[in-house]
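Coordinate analysis (summary)
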Amino acid sequence: MTTIYEFELPKGYVDANGTIHKRGKMRLATAGDEISAARDPRVLSNPAYLAIVVLSKVIVEIAGVEIISTPLLEQLYTADLTYLQDMYQRINDVEIPAMQCVCPECGHRFETPVNFIREG
């Protein structure tokens, strides 16, 4: 199973020296990443900050940058932040399991999602 994914930012992070950093790596998120991010005081006061905090936990490398932090991610261009958010969603997305079914009356075959949550 792949747990680390490489990326290349569309614009790139520009450091204090004017150097542009585009290549990096993101790992799969854990439940702990999302839980700790949701408890972060900055997120509690501004829920929109959740994306920045989570990304700071799962981005393991931006080439030529020593530390990945929330202040660094705040400096990204919006195109780069959007790119990283989309990547996060794609690599952490879980397909909902589905089951093949057949209508007993007409024989039509169809797929329906499986719901594992018990109600009642």
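Residues numbered from 1 in each chain as written. Predicted model: local features only at pLDDT ≥ 70, side-chain atom pairs only at ≥ 80, totals over all residues. Heavy atoms only, no water.

1. Structural notes on the sheet that holds strand β2 (residues 20-27)
Across the sheet, which stays open at both edges, the 3 strands sit in the order β1-β2-β3 with antiparallel pairing between neighbours. For this open sheet the edge positions go to β1 (4-14) and β3 (59-62), each flanked by a neighbour on one side alone. When strand polarity is set aside, the average angle formed by the axes of neighbouring strands in this sheet is 25°. Note that β1 and β2 share 7 bridges and pair antiparallel. By the bridge assignment, Y13 is partnered in β2 with H21. (Pairing = 2+ DSSP bridges. Helix = DSSP H or I, 4+ residues; strand = E, 2+ residues; numbered from the N terminus. Axes fitted to C-alpha atoms, helices over the stretch in contact; angles between N-to-C directions.)

2. Re the side chain of D33
Structurally, the position occupied by D33 is in helix α1 (residues 31-39). Residue classification places D33 among the buried positions, given a relative accessible area of 8%. A polar side-chain atom of D33 sits 2.7 Å from a polar atom in the side chain of R27. When sequence neighbours within four positions are dropped, the list of residues in contact with D33 reads R27, L28, K57 and V58. (Buried < 20%, exposed > 50% of the residue type's maximum accessible area, 1.4 Å probe, protein only. Polar contact = N/O pair within 3.5 Å; in protein donor to acceptor, adjacent residues only side chain to side chain. Contact = heavy atoms within 4.5 Å.)

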